[in-house]
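Fold and geometry: a report
What follows is the residue order along each chain.
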Amino acid sequence: MLSASDLTVQYGDRKVLDHVSFTLDAGQWLMVVGPNGAGKSTLLGAIAQTVPSTGQVLVLGQDARHMRARKLARIMGVLSQSHRVGYGFTVEEVVALGRYAHRGQVFAASDPQGEEMVNQALRLTGMEDIRRQSVLTLSGGELQRTFLAQVFAQNPDLLLLDEPSNHLDLKYQREVYALIEQWLQTPGRAVLSVVHDLSLARKYGTHTLLMDKGVATHFGPCAEVLTRDNLEQVYGMDVVGWLTSLLSVWTD
């Protein structure tokens, strides 16, 4: 569904992303992990065509650079890490913006499935009761769920998520990952997530891309990538030992 070849992002003499390559097939959930400054969010931006890059991105076999924005939006949904809103739209109105790519020609209002998809997205994310509320009044977690609902309403084949549980408390963090896992059960879908929490990556991911300083150091099934040696090489510490010690305070 998605193939990246030699993706490179360079600012002056500094390579933020250095010849990164990987593939993502239907039914897979790829977790992009690594320390701060590894280039994870830059990689997502390069795939989404919001960050200038060299190399190639193929989406369903087509070069993303040559696809019309509306067509790309029907296939690919993107959830950013943070959201800035300066308008008093309601939750429902923001979620409905996810249907823009499905409205046919410019200025056309026809979208037979739009209302159903918006209502379903609001229910899935637990935002139905505050659908008429202004987004300017929302907490960080509520705003994150609003934009997740927007992506669900968009109904793409491929989700690109940058820290999808950012600003969420534990309850909604669990529910959001369960929702994405459920969404992925429909054939012909795939997910790419940038995550910091390695436990979430191991629990929900099928594959992992481990990055460090703009380079993809390891790529493959989670169990093969998220090993003690690989993580210590990238993070400079015994990550598995540290995570195990944290768990022990709850099991003693």
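Structural data are supplied above this passage.
Just so it is clear, the structure is predicted and the values come from calculations on it, not from any experiment.

Definitions and cut-offs
Residues numbered from 1 in each chain as written. Predicted model: local features only at pLDDT ≥ 70, side-chain atom pairs only at ≥ 80, totals over all residues. Heavy atoms only, no water. 1 Å grid on protein atoms, 1.4 Å probe; cavity = no way out; pocket = protein on both sides within 12 Å on 5 of 7 lines; lining within 4 Å. Points joined across faces, edges and corners; volume = space filled by probe spheres on them. Helix = DSSP H or I, 4+ residues; strand = E, 2+ residues; numbered from the N terminus. Nonpolar A, V, L, I, M, F, W, Y, C, P; charged D, E, K, R; others polar. Pairing = 2+ DSSP bridges. Axes fitted to C-alpha atoms, helices over the stretch in contact; angles between N-to-C directions. Buried < 20%, exposed > 50% of the residue type's maximum accessible area, 1.4 Å probe, protein only. Patch = residues over 30% accessible without salt bridge, like charges linked within 9 Å, V, L, I, M, F, W, Y side chains within 5 Å. Areas by Shrake-Rupley, 256 points an atom, 1.4 Å probe, with all protein chains shown as cover. Salt bridge = Lys/Arg side-chain N within 4 Å of Asp/Glu carboxyl O. Contact = heavy atoms within 4.5 Å. Phe/Tyr/Trp six-rings, centres within 6.5 Å; stacked < 30°, edge-to-face > 60°.

What follows covers the layout of surface pockets. The space that makes up the largest pocket amounts to roughly 370 Å³. When contributions to the lining of the largest pocket are tallied by element, the ones reaching two or more residues are helix H2 (69-75), strand S6 (76-79) and helix H5 (140-154). Tallied by class, residues from the lining of the largest pocket come to ten nonpolar, six polar and one charged. Empty space within the second largest pocket amounts to approximately 300 Å³. Lining the second largest pocket are Leu170, Gln173, Arg174, Tyr177, Asp197, Ser199, Leu200, Lys203, Tyr204, Leu243 and Leu247. At the level of elements, helix H6 (170-183), helix H7 (198-204) and helix H10 (239-251) are the ones that each hand at least two residues to the lining of the second largest pocket.

Turning our attention to the sheet that holds strand S9 (residues 207-212). The strand order S6-S7-S8-S3-S9-S10 describes an open sheet built from six strands, whose pairing is mixed. With one partner strand each, in any of the chains shown, S6 and strand S10 (215-221) form the two edges of the open sheet. Here the average twist between neighbouring strands, direction ignored, is 15°. Of the strand pairs in this sheet, S6 and strand S7 (residues 158-162) are connected by four bridges, and their pairing is parallel. When the sheet's bridge partners are listed, Leu79 is paired in S7 with Leu161.

Within the secondary structure, Asp129 is located in the loop between helix H4 (114-124) and H5. Residue Asp129 is classed as exposed on the basis of its relative accessible area, which comes to 79%. Considering only alpha carbons, one finds Asp129 and Tyr172, 43 residues apart in sequence, at a separation of 16 Å.

This part is about a nonpolar patch on the surface. Judged by side-chain polarity, Met237, Trp242, Leu243 and Leu246 come together as a nonpolar surface patch covering roughly 360 Å² of accessible area. You can see Leu246 is positioned in helix H10.

Whether parallel or antiparallel, the strands of a sheet pair through hydrogen bonds between backbone atoms. As summarised here, the arrangement of the four strands in space is S2-S1-S4-S5, forming an open sheet in which the pairing is antiparallel. Among the strands making up the open sheet, the edge pair consists of strand S2 (14-24) and strand S5 (62-63). Where strand S1 (residues 2-11) meets strand S4 (residues 54-59), five bridges bridge the pair, whose relative direction is antiparallel. Its bridge partner lying in S4, Ala4 is registered against Val57.

Take the side chain of Glu92 next. Looking at the element boundaries, Glu92 is found in helix H3 (residues 91-96). Apart from the residues lying within four places of it in its own chain, the contact partners of Glu92 are Val118, Leu122, Arg131 and Arg132.

Our next topic: the packing of aromatic side chains. Counted by the stated rule, this structure contains five aromatic pairs. The interplanar angle of 55° and the centroid separation of 6.4 Å between the aromatic rings of Phe22 and Phe219 together place this pair among those described as tilted. One end of the pair, Phe22, is in strand S2; the other, Phe219, is in strand S10, and 197 residues separate them in sequence. Accessibility expressed as a relative area gives 3% for Phe22, which makes it buried. The class for Phe219 is partly exposed, based on a relative accessible area of 37%. Seen from their ring centres, Trp29 and Tyr204 are 5.9 Å apart, and the 40° between their planes marks the pair as tilted. Note that Trp29 is positioned in strand S3 (residues 29-33) and Tyr204 in helix H7, a separation of 175 residues in sequence. Tyr204 carries the same exposure label as Trp29, and that label is buried. Among the aromatic side chains, those forming a connected cluster through ring pairs are Trp29, Tyr177 and Tyr204.

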